[in-house]
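Structural overview
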2 protein chains.
Amino acid sequence: MASSNNKRTRIQGINRGIILDAALEVFSTYGFRGSTIDQIAEKAGMSKPNLLYYFPRKEDIYVTVLENTLEDWLTPFRDIDPDGDPIEELRKYTVHKMKLSALRPESSRLFANEILHGAPAIQEFLKTNLKRLVDEKAGVIKLWISQGKLAPVDPYHLIFMIWATTQHYADFDVQVRAVLPEETTNGDFFDDAADSILNILLNGIRPRHNV
Amino acid sequence: MASSNNKRTRIQGINRGIILDAALEVFSTYGFRGSTIDQIAEKAGMSKPNLLYYFPRKEDIYVTVLENTLEDWLTPFRDIDPDGDPIEELRKYTVHKMKLSALRPESSRLFANEILHGAPAIQEFLKTNLKRLVDEKAGVIKLWISQGKLAPVDPYHLIFMIWATTQHYADFDVQVRAVLPEETTNGDFFDDAADSILNILLNGIRPRHNV
DNA sequence: AAAAAACTTGACTGAATGGTCAAAATGTAG
DNA sequence: CTACATTTTGACCATTCAGTCAAGTTTTTT
């Protein structure tokens, strides 16, 4: 389990980490309103007032967990390298995001839930930080297109398509598993999924020399 | 507003419809736990006990609304025609789903929320009805591929990709609008989005005669 | 136009839950 | 080892909210 600390004492560092790990699990499963402080406290192995000693309000826990997840989610996007080979960079990014969906579905779900309900806690972040970053990467994609290294596609919608598809496997996991043939949901299922969608996606954006 | 009725008296038909319309709005915005019966009753313009006269428990309202939405969501999928042109059929389906995302984002969000939280109310439906339907359509796509009318792609993941991408525009609307350049989120925004993703998707699955 | 059936609601109730508080327990610094 | 700061918790409080109930109002039936 990932932990995060940054504050004062030794005990505070430990306990904040424990609380945030527990909170991620609970919030991502039941949503903000659907989760109770008692639930988180129990999962964290401490009393409710003790938990409230570290995070005075339920919302404080939620916002902190959310901020932590946001970083996981953005790092691979930042890593898209303008100087790399376009197809290879987008392949790497997609694979990375699929890995995250497999490894940390809770983060993805927490985030999805927040957006789904209108992003009350992070709307500002979306409009400033995220927008800035997306604009930047859209610019990179546009450049690649103008260099003939990518088919002429809308960069923003391409980005959305990658986000939507990769996160689908974390957020809609229950549905995916309910629908997919039994034998395909084992072991390297996420790798297979990544291959399949890359097969479609990359052929969809490869420069079109024919016709 | 869409209404549904099927029960006894005239008044019951009317009021159940009003309640379900109100409930869809409330549930899709705040989720099941986040919504209160009072909220729904107020939006429906009646007292809480009156509402409970029609639907004895909160869950009854929720399940009914969910069942209704499920149909909207499946109809265009059923309509994919095995005898049509594959590219054209999948184009039509994708456009149809994008239209639904634009017109009835609440339905999409209600559904997304349900799945996100583990589909407590419709897991059985997913494993039986939905699975059956998806298997059938996957079979159609496989046939198309074997006839050389489509590139060899995994039919299940292709379906997921279309679902994920189209629903993204309803479910993640806040994020999409926060990130997209101001001038592109007006008027025929959803049409533009549909064009963009079809541009990528259809080229990704068109039979590959070159190389 | 009665009588019966269907509908509506104000006033409750009980359980769940976010948050407080004061006192006890534990850890830490000198 | 002692004084001080930090951490921990049982008991509590106030609010919210799903659901009840009994008494009234309206609609339908005859």
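Everything quoted here is computed from the prediction, not taken from an experiment.

**Some details on the interface of chain B and chain A**
- Opposite the 58 residues of chain B that make contact, chain A presents 58 residues.
- Summed over both sides, the interface between chain B and chain A buries roughly 4900 Å², with carbon and sulfur atoms accounting for 68% of that surface.
- Interface area lost by chain B to chain A is led by Leu-116, Val-179 and Ile-200 of chain B, which between them contribute 15%.
- Applying the counting rule to chain B against chain A returns zero salt bridges.
- On inspection of chain B and its partner chain A, the count reaches 14 residue pairs in polar contact (both at pLDDT 80 or more).
- Elements with a contribution of two residues or more to the side of chain B that touches chain A: helix H1 (10–34), helix H6 (105–116), helix H7 (123–146), helix H8 (155–171), helix H9 (173–179) and helix H10 (189–205) of chain B.
- The element that contributes the greatest number of residues to the side of chain B that touches chain A is H8 of chain B, accounting for 12 residues.
- Residue composition of the side of chain B that touches chain A, grouped by class: 32 nonpolar, 18 polar and eight charged.

**A few points about the protein's contact with DNA strand C**
- Neighbouring DNA strand C are 19 residues, the closest being Arg-57 of chain A together with Thr-9, Gln-12, Asn-50 and Tyr-54 of chain B.
- What you see for DNA strand C is that sugar and phosphate hold 60% of its atoms within 4 Å of the protein.
- At 3.3 Å from a phosphate oxygen of DNA strand C is found a main-chain nitrogen or oxygen belonging to Ser-35 of chain A.
- Ile-37 of chain A is positioned such that a nitrogen or oxygen atom in its backbone is 3.0 Å from a phosphate oxygen of DNA strand C.

**Some details on the packing of aromatic side chains**
- As enumerated under the stated definition, the model contains 26 aromatic pairs over all chains in all.
- Residues Phe-160 of chain A and Trp-163 of chain A carry aromatic rings whose centres are separated by 6.0 Å and whose planes lie at 50 degrees to one another, so their mutual orientation is tilted. Here Phe-160 of chain A and its partner Trp-163 of chain A are both found in helix H8 (residues 155–171), three residues apart, which amounts to about one turn of the helix.
- Taken together through their ring pairs, the aromatic side chains of Trp-73, Phe-77, Tyr-93, Phe-111, Phe-160 and Trp-163 of chain A together with Tyr-169, Phe-189 and Phe-190 of chain B make up a single cluster.
- If you follow Lys-58 of chain A out to its NZ or CZ, it ends over the ring of Phe-32 of chain A, 4.6 Å from the centre.

**Section: the relation of the copies chain B and chain A**
- Screw-axis analysis of chain B against chain A gives a translation of 0.0 Å along the axis, an RMSD of 0.1 Å, and a rotation angle of 180 degrees. Taken together, the rotation and translation describe the operation of a two-fold axis. Of every C-alpha in chain B, the one belonging to Gly-204 of chain B sits nearest the axis of rotation, 1.9 Å from it.

**Here's the deal with the packing of helix H5 (residues 86–103) of chain A against helix H10 (residues 189–205) of chain A**
Residue and element names in this part refer to chain A.
- Relative to each other, H5 and H10 sit at 150 degrees, their axes nearing to 10 Å. Between H5 and H10, the angle is such that the two are roughly antiparallel. Crossing handedness for the pair H5 and H10: right-handed. Along its contact with H5, which presents Ile-87, Leu-90, Arg-91, Thr-94, Val-95, Met-98, Ser-101 and Ala-102, the element H10 presents Phe-190, Ala-193, Ala-194, Ile-197, Leu-198, Leu-201, Leu-202 and Ile-205.

**Description of the confidence of the model for chain A**
- Residues with a pLDDT of 70 or more make up 96% of chain A, whose mean pLDDT is 93.
- With pLDDT under 50 throughout, residues 1–7 of chain A is counted as low confidence; its partners more than four residues away or in other chains account for 14 contacts.

**What about the environment of Lys-97 of chain B?**
All names here are of chain B.
- Within the secondary structure layout, Lys-97 lies in helix H5 (residues 86–103).
- As a C-alpha pair, Lys-97 and Leu-66 span 31 residues in sequence and 18 Å in three-dimensional space.
- When residues no more than four places from it in sequence are discounted, the contact partners of Lys-97 are Trp-73, Trp-163, Thr-166 and Gln-167.

**Points about the domain arrangement of chain A**
Residue and element names in this part refer to chain A.
- Structurally, chain A comprises domain 1 (10–56) and domain 2 (62–205).
- The straight-line distance from the C-alpha centre of domain 1 to that of domain 2 is 28 Å.
- At the interface, nine residues of domain 1 touch 10 residues of domain 2.
- For the pair domain 1 and domain 2, the summed buried area comes to about 800 Å², and 79% of that belongs to carbon and sulfur atoms.
- It is Leu-24, Phe-27 and Ser-28 that lose the most area in domain 1 upon contact with domain 2, and together they represent 56% of the buried surface on that side.
- At the junction of domain 1 and domain 2, the tally comes to zero salt bridges.
- Classifying every residue of the side of domain 1 that touches domain 2 gives six nonpolar, two polar and one charged.

**Structural notes on the protein's contact with DNA strand D**
- Every one of the 20 residues lining DNA strand D counts as a neighbour, but Thr-9, Gln-12, Tyr-53 and Tyr-54 of chain A together with Arg-57 of chain B are closest to it.
- A share of 63% is what sugar and phosphate atoms reach among the atoms of DNA strand D within 4 Å of the protein.
- Between DNA strand D and the protein, one listed contact pairs a phosphate oxygen with a side-chain N or O atom of Gln-12 of chain A at 2.7 Å.
- A distance of 2.8 Å separates a phosphate oxygen of DNA strand D from a polar side-chain atom of Arg-57 of chain B.
- Looking at the surface near DNA strand D, the elements with two or more residues in it are helix H1 (10–34) and helix H3 (48–54) of chain A together with H1 and helix H3 (48–54) of chain B.
- Considering only residue class, the surface near DNA strand D consists of eight nonpolar, seven polar and five charged.

**Details of the environment of Tyr-30 of chain B**
- Examined against the element boundaries, Tyr-30 of chain B turns out to sit in helix H1.
- Sequence-wise, Tyr-30 of chain B and His-157 of chain B are 127 residues apart; in three dimensions their C-alpha atoms are separated by 30 Å.
- Excluding residues that lie within four positions of it along the chain, Tyr-30 of chain B makes contacts with His-117 of chain A together with Ser-35 and Gln-39 of chain B.

Criteria and cut-off values
- Residues numbered from 1 in each chain as written.
- Chains lettered and ligands numbered in written order.
- Predicted model: local features only at pLDDT ≥ 70, side-chain atom pairs only at ≥ 80, totals over all residues.
- Heavy atoms only, no water.
- Contact = heavy atoms within 4.5 Å.
- Buried area = accessible area lost by both parts, 1.4 Å probe.
- Salt bridge = Lys/Arg side-chain N within 4 Å of Asp/Glu carboxyl O.
- Polar contact = N/O pair within 3.5 Å; in protein donor to acceptor, adjacent residues only side chain to side chain.
- Helix = DSSP H or I, 4+ residues; strand = E, 2+ residues; numbered from the N terminus.
- Nonpolar A, V, L, I, M, F, W, Y, C, P; charged D, E, K, R; others polar.
- Near = heavy atom within 4 Å.
- Phe/Tyr/Trp six-rings, centres within 6.5 Å; stacked < 30°, edge-to-face > 60°.
- Lys NZ or Arg CZ within 6 Å of the ring centre and 35° of its normal.
- Least-squares fit on C-alpha atoms with pLDDT ≥ 70 in both.
- Axes fitted to C-alpha atoms, helices over the stretch in contact; angles between N-to-C directions.
- Parallel < 35°, antiparallel > 145°, perpendicular 65-115°, else oblique.
- Left-handed = near helix turned anticlockwise from the far one by under 90°.
- pLDDT = per-residue confidence, 0-100.
- Domains from an automatic or database assignment.

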